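Observations on the three-dimensional arrangement
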Amino acid sequence: MDDDAPLASEITTRRLKRARVQTRGGGDEPSKANGNNRENQERSSDASDGSPNPEEREDSPDDFEEIRPKTKRNRVAEGTSGVPNRADERLIEVIRGDGKLIPQAVKHWVERYEKNPKPAVAELLMMLFEACGAKYYIKEEFLDETDVDDVVVALVNLARKGEVEDYQSSKKKEFKNFKENLVSFWDNLVVECQNGPLFDKVLFDKCVDYIIALSCTPPRVYRQVASVMGLQLVTSFIFVAKRLAAQRDTTQRQLNAERKKRADGPRVESLNNRLSATHAQKLVIDEMMRKIFTGLFVHRYRDIDPNIRMSCIQSLGVWILSYPTLFLQDLYLKYLGWTLNDKSAGVRKAAVLALQNLYEVDDNVPTLSLFTERFSSRMIELADDIDVSVAVCAIGLVKQLLRHQLIPDDDLGPLYDLLIDDPPEIRRAIGELVYDHLIAQKFNSSQSGSKGNDSEVHLGRMLQILREFSTDPILSIYVIDDVWEYMKAMKDWKCIISMLLDENPLIELTDEDATNLTRLLFASVRKAVGERIVPASDNRKQYHNKAQKEIFENNRRDITVAMMKNYPLLLRKFLADKAKVPSLVEIIVYMNLELYSLKRQEQNLKTTLQLIKDAFFKHGEKDALRSCVKAINFCSTESRGELQDVARNKLKELEDELIDKLKSAIKEVIDGEDEYSLLVNLKRLYELQLSRSVSIESLYGDCITVLHSFRNLDDEVVSFLLLNMYLDVAWSLHSIINSDTVSEGSLSSLLSKRDTLLEELEYFLNTPPAVRAGCKSGIQLACRVCTILADVWCLFRKTNFLSTKLERLGYCPDAPILRKFWRLCEQQLKISDDTEDEDVNKEYIEETNRDAVMVAAAKLIASDTVPKDYLAPEIISHFVMHGAGIAEIVKSLITVLKKKDDDVSVIFLEALKRAYCRHVELSKSDDESLKSESFQECKNLAVRLAGLFIGAARNKHRPDILKIVKQGIEYAFQDAPRQLSFLEASVLHFASRLPVPDIRDILKDVQKRTEDVNTDEDPSGWRPYNTFYNSLQEKCAKSDGIQDEKEETIARRRGRPRKRRNIEGKRLFDEHSSSEEEDSINTSDQEDAQGEGDKEDEEEDDAPLIHALKSSSKLRSLRVSREENRG
């Protein structure tokens, strides 16, 4: 049987003459390789190809002669002292070398071609082959008799032998510009031949035949290089076609003008001849472009190599844009639409960018109407593409569609949701779209000539958008951040201030709009001085160059100048508004206070400070208080001279007034009056103490009295009393540690306050607040008690003061207190953070949730404040019980323990036991679902802990795993069969991660433990033991089976690779005419996916084709020799 037939058929199925090649005797030629499937040049079979206008190539003789490469030396021009003439250098060497020499080399080659075509064409074709990496030569005398198919078959055989070099993908320095030079060569060649050889129907017809044939071969390097050359030829042909079209139009106008003068004559005849010749040339060039399109593009745009597909789509975009008279029609546009669904992000991006360029040209839009109707929904979907760069480009494309009013606003709803998406690039792109379409309304022709203050108009439209997010300030900040870069009105400080002060009677702001505008002002001020208003995903610190810092400083100056006189007016107007005060007050932190002195506006700053102080005592909410404290602290440290003294005096007045108010409030509570005043002032003191030390010596005793005497105080009041006492102790300790000399009195005072605080906290451990499941009541106080206790213990841990003069400050809780502490923590862990309770103040919710409690407990272990023997296993036993947040905290603790102590096996085993004991306790109830749930939690914990020993860690920690398993078995058999379920719940998941020899030893151990036991007396009790034993036995058996299977597979894989199954693909589109072609695309996609899944049966994608061909050749030769021996 002829071995060449399948290969020739695969490469050249679109040629009518290839039947002759298939019947030709080819005993000397190697047969088709079995391993070509991975390098299949098309992702669908040719039989299913429905590409339009297929071209048939002309017949040519079949003779082909392979000539060994010969070294050509540069000819030395006469009289040049040995300097080589680069014009006579081989073409491939010119392409590999300096690209500047290409135009000259092309010019000399064209001159040689015009003198003697055959040797010049042979030289050009050999360059084409060498560009593909194959060194084959053709004798000029046999050029006309050489068949394209035979050449291509020989070239593929050369690749099969591994004698092909990939210049395009080479990392060598000399091939750095190979692709660019190759493209430049063909472009220069077309331009140089445009007045002659381009239309002789010999030179370029032959080149195009070879390029198309090579583009359909299995070796990827051939397809890559041939595609580059073919696509560039079309691009260069377009240049010539446009010149001919312009020349034809000029000639037509001249002919029309001449005919008006005289009907006949030599001039008219000359113009007629020129017009006919130009038109004929244009038809020839158009036909060559169509030939390359149908012979190369329609197959390569669906190539398995995404780089080839991307090149095709990029080129098509250029063709349509530069030569719309031929390519701007649905016949070609549909390929851009189809590749919007390509699995490669690079191809999708190329299609989107090509379409974006097309829609930028207004004249193209009418022709694109049907295409837009068909694919606009897909374009909008790509705005949420998994690849960020594709999504950003798609958003730009949607902007073009909006500019031409090709899509309704109703279709944009999903896009606006991306304003709060994670990738900042997508948010910025959507922000630009929102600004252009909704705020500036650039795409609305009726609004293009709007009159009036643009800043006011734009801000008004922005406020309309922000109304959608009024209930969530964080989302509002995201929207502002997205649009800020494009919206100049956000930097128009005077306009924003004017709108807030109602200076324009034509603009009336609602209270909601005024709140949003203050948020916008505050956020815009922060952005203008270089601050982030939206947290970065990577949490990296921002770095700014000198130019950026100058811009930020100028912005700070402009903000200060604009706010200087109006700031007191704004504060005074909104002083009582708790929603607006936080944003307005904190703006001063981003101002340049020195300008107050330079501009002689000291009085305005003094007024501002007084208003900030008034706001502090006007409000009791966390945000307002924090902003006021931050602002007045900033003024007291950043202002200069007299203004700094004024700010510090104002801060001192604030502290004194706050202490007086607290004394008065405490007296009111003691007298039996309302607690509200005490609560509000305790909050104020807490926020103030978070940033600075406030002397409350005179209040400390009163706080203790209130706590002792009024045990029925509101939980929130008690929480803030304890918090302020703790902060006072912390500031006192800070003062002592940083002092050069420490008096005995200060030490005694600190110890007294600490012990008093600990007594109060321990009272709540002995009589814990009522924390009920499904309810938040009491949880805030319980959480505060736990977190404050943990903080105090960490501050005064003994390791901080060992071998110092302050050693007596060291403290460590005893075991009973620690157990009570953890019991209170456990109660709070049972309360879900999702539980709603309208009576609970959610202002400090992030400080009083389950995560805060677990962090407090874990901190004690991580900092070695308490012994880890008890608390560490308890914490780890809750690893998988309370959601992702708690799991991350426990995981971080385990990481710390591993770094500190290599022996974590004891802690892990103890944690497993604690979880199992909870299950045993719950098993006493009649609730079967509760039993099942607790048992599953034991399993999940074991799986999670065992999962920490994976990969290399499994071998490294094998002794730890073995220790857990052996001691776990010991624990399970201590009270058999009652505790045997511990084997199934916990030990099994660790044992299964051990090597098979260890597992066999474990099986012998447990079997020995049951030798003298009658397990049939209590079948249900011994069921976990049987499950444990059978599971490990099965693992051993499976391991043995896998080893046998591997040996069998090694022997079996010597044979021929399995054929791919032909899986019917799902259509991407339902309505277009080329359904067969589309089906073939999708079918090939699934075949590729399957091929990638069967990696053990196929070679890698890139170079390995040649290796596969080699190995197949060896196998065939071996098979032939065996058959001869049999014969």
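Report follows, based on the coordinates. (Residues numbered from 1 in each chain as written. Predicted model: local features only at pLDDT ≥ 70, side-chain atom pairs only at ≥ 80, totals over all residues. Heavy atoms only, no water.)

**Observations concerning the nonpolar core**
Quick note on the threshold: The term nonpolar core refers to a set of buried residues drawn from Ala, Val, Leu, Ile, Met, Phe, Trp, Tyr and Cys, joined through side-chain atoms within 4.5 Å. For the exposure calls, accessible area comes from a 1.4 Å probe over protein chains only, and a residue counts as buried if that area is under 20% of its type's maximum, exposed if over 50%, partly exposed in between. The helix count covers DSSP runs of H or I at least four residues long, the strand count covers runs of E at least two residues long, and both are numbered beginning at the N terminus. Contact criterion: two residues are considered in contact whenever any of their non-hydrogen atoms come within 4.5 Å of each other.
Within the largest apolar cluster, 330 residues are counted, with the highest numbers of intra-cluster contacts made by Trp186, Tyr222, Phe297, Phe327 and Phe821. It is helix α9 (residues 220-261) that provides the largest number of residues to this core, a total of 14 residues. Here Phe821 is in contact with Leu765, Cys786, Leu789, Ala790, Trp793, Ala857 and Leu860, once residues within four sequence places are set aside.

**Remarks on the packing of aromatic side chains**
Test applied: A pair of aromatic rings is counted whenever rings of Phe, Tyr or Trp (Trp by its six-membered ring) have centres within 6.5 Å, and the orientation is called stacked for planes under 30 degrees apart, edge-to-face for over 60 and tilted otherwise. Sitting over a ring, as applied to charges here, requires NZ of Lys or CZ of Arg to be within 6 Å of the ring centre and within 35 degrees of the ring normal.
For the structure on display, the rule yields 34 aromatic pairs. The interplanar angle of 15 degrees and the centroid separation of 5.4 Å between the aromatic rings of Trp109 and Tyr113 together place this pair among those described as stacked. Of the two residues, Trp109 and Tyr113 are both situated in helix α4 (residues 102-115); the distance of 4 residues between them amounts to about one turn of the helix. On the accessibility criterion, Tyr113 (6% relative accessible area) is buried. Where Phe204 meets Phe237, the ring centres are 5.9 Å apart and the plane angle is 70 degrees; that geometry is what we call edge-to-face. Of this pair, Phe204 sits in helix α8 (residues 203-215) while Phe237 sits in helix α9; the two residues are 33 residues apart in sequence, bridging distant segments of the chain. In this pair, the class of Phe204 matches that of Phe237, namely buried. Aromatic ring contacts, followed pair by pair, group Phe293, Phe297, Tyr301, Trp319, Tyr323, Phe327, Tyr332, Tyr335 and Trp338 into a single cluster. The lysine or arginine in question, Lys622, covers the ring of Tyr844, its NZ or CZ lying 5.4 Å from the ring centre.

**A short note on the side chain of Asn364**
To be explicit about the condition: By the criterion applied in these results, polar contacts are pairs of N or O atoms within 3.5 Å in which, for protein atoms, one can donate a hydrogen and the other can accept it, and in which residues neighboring in sequence qualify only through two side-chain atoms.
The residue Asn364 is located in the loop between α14 (345-360) and α15 (369-381) in this model. Of note is the side chain of Asn364, whose polar atom sits 3.2 Å from the backbone oxygen of Leu358.

**Some thoughts on the environment of Asp147**
For Asp147, the location among the structural elements is in the loop between α5 (117-131) and α6 (148-160). Through-space distance from the C-alpha of Asp147 to that of Tyr210 is 9.9 Å; in sequence the pair is 63 residues apart.

**Describing α15**
The criterion, for reference: To estimate how far a helix should extend, the number of its residues minus one is multiplied by 1.5 Å. Fitting one axis to the seven residues ending at a residue and another to the seven starting there, the bend at that residue is the angle between the two axes.
With 13 residues, α15 extends 19 Å between its outermost C-alpha atoms, agreeing within 8% with the 18 Å of an ideal straight helix rising 1.5 Å per residue. Along α15, the sharpest kink reaches roughly 55 degrees, centred on Phe375. Every buried residue of α15 is listed here: Phe371, Thr372, Phe375, Ser376, Arg378, Met379 and Ile380. On its buried face, α15 is in contact with α13 (330-338), α14, α16 (388-403) and α17 (413-416).

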